[in-house]
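In case you want the letters, here they are:
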Amino acid sequence: MNYSQNELMIAAAARELQGARVAFVGVGLPNIVCNLAQRSHSPNLELVYEAGVFGAHPARLPLSIGDPTIVTGAVGAMGMSDLFQFYLQRGLIDVGFLGAAQIDQYGNINTTVIGDYKKPKVRLPGSGGAAEIAVLCEKILVITRLNKRAFVPRVDFITSPGHLGGGDARKKLNVRGRGPEAVITDLCILRFAEDTREMMVTSLHPNVTREKVQENIGWQVRFAENVETTEAPSEQELQLIRDELDPKGLYSR
Amino acid sequence: MNYSQNELMIAAAARELQGARVAFVGVGLPNIVCNLAQRSHSPNLELVYEAGVFGAHPARLPLSIGDPTIVTGAVGAMGMSDLFQFYLQRGLIDVGFLGAAQIDQYGNINTTVIGDYKKPKVRLPGSGGAAEIAVLCEKILVITRLNKRAFVPRVDFITSPGHLGGGDARKKLNVRGRGPEAVITDLCILRFAEDTREMMVTSLHPNVTREKVQENIGWQVRFAENVETTEAPSEQELQLIRDELDPKGLYSR
Amino acid sequence: MSKVISMHDAIRDLVHDGDTIAIEGFTHLICFAAAHEIIRQRKNDLTLCRLTPDIIYDQMIAAGVCKKLVFSYAGNPGVGSLQAFRRAVEKNEPRALELEEYSHFGMVARYLAGAARLPFYPLHSYTGSDLPKANPQIREIGSPYADEKIYVVPPLNPDVAILHAQRADENGNAQIWGLTGVQKEAAFASERVIVVVEELVDERVIRADPNRTIIPGLIVNAVVVEPYGAHPSYVQGMYDRDNAFYVEWDTISREASTLNAWLDEWVHGLSGRADYVEKMRARFESLHPGNAFAEPINYGEYK
Amino acid sequence: MSKVISMHDAIRDLVHDGDTIAIEGFTHLICFAAAHEIIRQRKNDLTLCRLTPDIIYDQMIAAGVCKKLVFSYAGNPGVGSLQAFRRAVEKNEPRALELEEYSHFGMVARYLAGAARLPFYPLHSYTGSDLPKANPQIREIGSPYADEKIYVVPPLNPDVAILHAQRADENGNAQIWGLTGVQKEAAFASERVIVVVEELVDERVIRADPNRTIIPGLIVNAVVVEPYGAHPSYVQGMYDRDNAFYVEWDTISREASTLNAWLDEWVHGLSGRADYVEKMRARFESLHPGNAFAEPINYGEYK
């Protein structure tokens, strides 16, 4: 079956959720990714929405992360105070999924401004729950398309800390979660070196060259010793994306 | 109609609630007093129970302040965190009603220990919500029977602060509520002098002498310039107490 | 004594120029009816608080009623950016916009502190983020129990909170199901509260299920009955989110001229929400959900 | 995978000697069935946490399983003192009892900090009280926003919380109505959670009313089905508080000998709660309330 780069990215990201028990679902791509994981290989994955829902079984793919379909049939619906304090801050969330307008080689994420904070060239939406998701989830997955505007040597503003200056910088600040573990893009998957915490390419999507990846990253990117080839999306995954989750192709075309 | 000293005390205490909008109902005597006020002169009095109830209309007099009858038909039932934070600490309660095992001339209340805290002669139940009620309600009413064991020059332990050392001691500590306003007993009503905040007798119950009052107070008590005679309980009040609120006479005989 | 009044009178009497206002509701129960009435009455210099300014504040910013925004996520959820918000921040159009920016948890904590009258609220966030540099109100304090620091935010106490709910009685005792967001905290944090409901019910309905009461009439100044008052957001069990409108807004708001034309037609050109509902009626038909009833529960009669 | 096990096994596997335990429930939903099983299994050196030790901890203190009490009100509500508690504190009988004492709000705040994994929780209480002198864990800190001090308490994180509820599914998703006390906070604060219910229900019942879920199965280790397990306390809508027993307890507990005879007959002499219910059956008949149903609400089906 043919598939788009976006479909591959979504399926690859969903597979990163295998074995996870509780995922914090962010707006946009993470939303479709988490719903795909639940409907394919991880039926017991508990979806937590910052809007105040635990154990959602959305009957349709919600456009927003506060849609009524995430409430009906959920295990629990609560105020955001409970959600942030007793679920997220309590340490119950295994995986937090974040998007990024800019991301640097240590996985620090900017969703606040392009340019200077006080006089921005582009004003972005801001943190939402990302600043706390980044420090409170056991681990973080990032999903975003690969291009030079996004993958920059240094983000203009750290909205959500990744590995900060690299190495054990995060540990020194007593940050609770382990930070970004993988960055899933439409061209490749990147992970972080054990020691320096620098981002490196660990898997190339089928038919994507190293040169193509480097062209879309704003620094001299490292490649892992054994770069794998990302597994193509399965027929089941593609059917779920096309028939159930994103029939209009908003996210996946 | 004949009445007992306890019935008079309860009716007199209930009358202190006239004009109040929201009362925090304590266990024991305050419970019958607040319910009497609601059923007689103050039908719009909102009863708040620390157990987590706002706007209770108890169908029977609850023995405990967490009885199921305070929930059924109430306006709101909530967790204690909400009750203490958003009602009491938020400053929504006009009147808090407290009992006392010991009380001193400045209205400081002890419900913790008789004797030394570490080696008490009598271990009492402790604060419950009294320590915060004493500082967070707009004003405090105290209801307790008059006797020398209770009315002492200096309490063994301040569980709930009254006017502390007197004068503006309370203000200096930035305490929010105004503190005790009246102490209603089975023999008389005492209030606090404007300047010194010392307790003084302002009303004697019918047929009670000054001597009798002094005999039951552990310090040389002051009498107001114009000591009134406490109004006897009305027929309606007595009927409510006897037929509806305390048919077994647990509190009122 | 009934607190039920019209939206016109509620906004006229309780919202003043220069006020700090919170029209809350996280995706759910966003009271567009109140926002439109504020625009219609041309209130001025408002400080608007919301976790997600959403298209409701985008409309108010475009209409020029807003001086300052206190917020945590200024996007069109699932769609993209807020165009009027961007024009205000990037180009000072139609006027400059002051920003005071937090994260969601930070805003929740600010309302919590405000509702509980605490001088600050601690939270594990902001470590490693540039947000505390951008907003000096986000501060760090030590713990008296361990060698540990934690960030705190100050209380938020709006002058007015406007909160949509499924139902309330005439005293303002309001019940909500589905996402409750920060409706409760915003109500208790504020000096004045306007509750806007889909349905006015007898006090007995409220008292039959006290655990669902989110906002007590005790803190409510006015009750406004405004069916479909939350459209294009939604009310659980009553109508769906109008996702198509959220997508359309991206087009409407790309240019100030089209946005202003929309405001002229849908806000200034109408006398109130009843007109809006009438004009929008065909659209509502596709927004009615099927039934999914909760199992009835018994509180028990204790006499 | 079902978490449903017997009370015997739940206590055997999840409660260890020396543990810090919270059997919570403010007047409502106090799990006497669990307390009796702990006594029956002769657990030792427990630190018992509860706002109101009530007669449930009075029984445990008398049985000698308790080393320390963390509490805010040790009385028999509406009746008077707790006699076994007094003997332990005043006379070290049957053993000395360590006390760590707060007010209700202080205990609520401790559970809140524990549940939210905060290093402390601020509250406006204790000013002018001798409690901070009696308990050095109650401390003062300054605010970074104003020249102001406020008391704080440290987090409370029990090893085990045992919480009674009206109903849960086999995963431990539990729903409560009526007084919810600190059930939620105590559950999230604890390392292990045992949920004890009157009724085991299908997951669909829970999912039909997600706003009533107080404790998610995610944090629950065991579900015990134990009808009447909260007697002599009560379960809203199911059975009334046995006020007569609370009054009788005052007599039973006046002397260690009568109290021990009671424990022999009603705890040690029985193999479990089923026996207790059987033996107590006549008494339950007068405790059934009439009906007072909540109005059904609609969550809506959104496909």
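Residue indices begin from 1 for each chain and proceed along its sequence in written order. Lettering of chains starts at A and numbering of ligands starts at 1, both following the order in which they are written. The predicted origin of the model limits local features to residues at a pLDDT of at least 70 and limits the giving and counting of side-chain atom pairs to 80 or more, whereas totals for whole chains, interfaces and linings rest on all residues. The side-chain quantities take in all heavy atoms of the structure and omit both hydrogens and water.

1. Side note on the confidence of the model for chain C
Per-residue confidence for chain C gives a mean pLDDT of 97; residues scoring 70 or more make up 100%. Quick note on the complex model: pTM equals 0.98, ipTM equals 0.97. Confidence scores labelled pLDDT are given residue by residue by the predictor and lie between 0 and 100.

2. Quick notes on the packing of helix α1 (residues 5–15) of chain B against helix α2 (residues 29–39) of chain B
Residues and elements named next belong to chain B. Inter-axis angles, ranging from 0 to 180 degrees, are taken between N-to-C directions of lines fitted to C-alpha atoms, where helices are fitted over the stretch in contact. Helix numbering and strand numbering both begin at the N terminus, where a helix is a DSSP run of H or I of at least 4 residues and a strand a DSSP run of E of at least 2. At a minimum axis separation of 8 Å, α1 and α2 run at an interaxial angle of 60°. Comparing the axis directions of α1 and α2 gives the class oblique. The two elements α1 and α2 cross, and the hand of that crossing is right-handed. Touching Met9, Ile10, Ala11, Ala13 and Ala14 of α1 are Leu29, Ile32, Val33, Leu36 and Ala37, all from α2. With respect to orientation, any angle under 35 degrees is reported as roughly parallel, any angle over 145 as roughly antiparallel, any angle of 65 to 115 as roughly perpendicular, and every other angle as oblique. Here is the rule for handedness: rotate from the far helix to the near one, and if that takes an anticlockwise turn smaller than a right angle the crossing is left-handed, while a clockwise turn gives right-handed. Any pair of residues with heavy atoms lying within 4.5 Å of one another is described as a contacting pair.

3. Let's talk about the domain arrangement of chain C
All names here are of chain C. The start and end points of each domain follow an automatic or database-based domain assignment. Each assigned domain of chain C is listed with its residue range as follows: domain 1 (7–98 + 164–287) and domain 2 (104–153). For domain 1 and domain 2, the distance between their C-alpha centres works out to 28 Å. In this assembly, domain 1 packs against domain 2 so that about 980 Å² is buried in total across both faces, 71% of it on carbon and sulfur atoms. In this description, buried area is defined as the sum, over both parts, of the accessible area (probe of 1.4 Å) that is lost when the two are combined. When the area that domain 1 buries against domain 2 is broken down by residue, the three leading residues are Leu51, Glu185 and Ala189, summing to 39%. Here, a salt bridge means any side-chain nitrogen of Lys or Arg that lies within 4 Å of a carboxyl oxygen of Asp or Glu. Our count for the contact surface shared by domain 1 and domain 2 stands at one salt bridge.

4. What to know about the sheet that holds strand β8 (residues 139–142) of chain C
Residue and element names in this part refer to chain C. Taken in spatial order, the three strands of this open sheet run β7-β9-β8, and their pairing is antiparallel. Strands at the two margins of the open sheet, each flanked by one partner only, are β7 (121–123) and β8. Going from strand to strand, the sheet's axes swing by 50° on average, the running direction of each strand aside. Pairing between two strands requires that DSSP report at least two bridges joining them. Where β7 and strand β9 (residues 149–153) come together, three bridges link them in antiparallel fashion. By the bridge assignment for β9, Leu123 is matched with Tyr151. Here helix α5 (residues 104–115) sits on the sheet and contacts β7 and β9; the angle it forms with β7, its principal contact strand, is near 155°.

5. Quick word on the interface of chain C and chain D
With 50 residues of chain C at the contact, the number on the chain D side is 50 residues. Interface of chain C and chain D: buried area, both sides summed, is about 4500 Å²; carbon and sulfur atoms make up 58% of it. Where chain C touches chain D, the interface holds two salt bridges. Between C:Arg212 and D:Asp209 there is a salt bridge whose closest N-O contact spans 2.8 Å.

6. Notes on the relation of the copies chain C and chain D
When the copies are overlaid, the least-squares fit takes in C-alpha atoms only where the residue has pLDDT of at least 70 in both copies. In the superposition of chain C on chain D (RMSD 0.0 Å, axial shift 0.0 Å), the rotation amounts to 180°. When the rotation and shift are considered jointly, the pair of chain copies conforms to a two-fold rotation axis. Ranked by how close their C-alpha atoms come to the rotation axis, the residues of chain C are headed by C:Pro296, at 2.7 Å. Most of the interface of chain C is mirrored in chain D, where 100% of its interface residues are also at the interface.

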